[in-house]
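# Per-entry structural report
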Amino acid sequence: LTICVPYPSFILDPVDELPPGIERKRVENRSREMLYRGPLLIHAGLSKKWMATVRFEQRPTNPVYGAIVGVVDVIDCCHILELTGPIDTWSRRVLDKYIWLPRHQHASGPFCIVLENPVKFEKPIPYKGAQGLFNVPDHVVAEQLKAVA
């Protein structure tokens, strides 16, 4: 999944290396629901336009562009209305599992993809990204995945 810089760093960097005022990004926001669950490669996009939206002191040092930079586990996906609407069966399901999500700095929806177990690759893998989910041949990431297993 391609994610605009600086957000891959906020997902993958160790908490003690995040810029001041930034909490670990445990959720990715998308306009469509993601049904996939399991390991997901994180690709840092080429565009630098998002860097303009981040205050200077919150920017990661030495950001990587146009590369696969790590892997996370997708464990859930919920609609933002489940977090902010009236307490009903759906919102109770989400709130019982993710009490932190409605107040999370990075949860804006409309669909919130819940991420766990971030692992930053020691060496970024240059790769062309794409919109939405896309396949990466096993041989491209085999060495890095072996190192984190």
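To be clear, the structure that these remarks concern was listed above.
First, a word on scope: everything that follows refers to the structure included in this document. It should be emphasised that the depicted structure is a prediction, and the values quoted were computed from it without experimental measurement.

### Comments concerning the layout of surface pockets
The calculated volume of the largest pocket comes to roughly 690 Å³. Considering the residues around the largest pocket, the lining is formed by 23 residues, among which T2, C4, E28, N29 and R30 are closest to the centre. Elements represented by at least two residues in the lining of the largest pocket include exactly β1 (2–3) and β2 (27–30). Of the residues forming the lining of the largest pocket, the biggest block, 3 residues, is contributed by β2. Each residue belonging to the lining of the largest pocket can be placed in one class, and the counts come to 10 nonpolar, 8 polar and 5 charged. Of the voids in this model, the second largest pocket is the one considered here, and its volume is about 320 Å³. In terms of lining residues, the second largest pocket is bounded by 14 residues, among which Y36, P39, L40, L41 and F134 are the most central. Breaking the lining of the second largest pocket down by element, the ones donating at least two residues are β3 (38–44) and α4 (138–148).

### Digging into the side chain of E28
Inspection of the secondary structure puts E28 in strand β2. Relative accessible area serves as the criterion here: at 8%, E28 is assigned to the buried category. When neighbours within four sequence positions are excluded, E28 is seen to be in contact with L1, I3, I11, F111, C112, I113 and L115.

### What about the sheet that holds β2?
The sheet built from 5 strands is open, its strands ordered β1-β3-β4-β5-β2 with mixed pairing. Each of the sheet's edge strands pairs with one partner strand only, and the pair in question is β1 and β2. Both β2 and strand β5 (residues 111–126) contribute to a ladder of 4 bridges, which runs antiparallel. Within the sheet, the bridge partner assigned to N29 lies in β5 and is C112. Against the sheet, α4 contacts β3, β4 (67–79) and β5, and its axis sits at roughly 100 degrees relative to β5.

### With respect to the pattern of salt bridges
Applying the stated criterion across every chain, the model contains 5 salt bridges. The residue R30 makes a salt bridge to E28 at a minimum N-O spacing of 2.9 Å.

About the cut-offs
- Residues numbered from 1 in each chain as written.
- Predicted model: local features only at pLDDT ≥ 70, side-chain atom pairs only at ≥ 80, totals over all residues.
- Heavy atoms only, no water.
- 1 Å grid on protein atoms, 1.4 Å probe; cavity = no way out; pocket = protein on both sides within 12 Å on 5 of 7 lines; lining within 4 Å.
- Points joined across faces, edges and corners; volume = space filled by probe spheres on them.
- Helix = DSSP H or I, 4+ residues; strand = E, 2+ residues; numbered from the N terminus.
- Nonpolar A, V, L, I, M, F, W, Y, C, P; charged D, E, K, R; others polar.
- Buried < 20%, exposed > 50% of the residue type's maximum accessible area, 1.4 Å probe, protein only.
- Contact = heavy atoms within 4.5 Å.
- Pairing = 2+ DSSP bridges.
- Axes fitted to C-alpha atoms, helices over the stretch in contact; angles between N-to-C directions.
- Salt bridge = Lys/Arg side-chain N within 4 Å of Asp/Glu carboxyl O.

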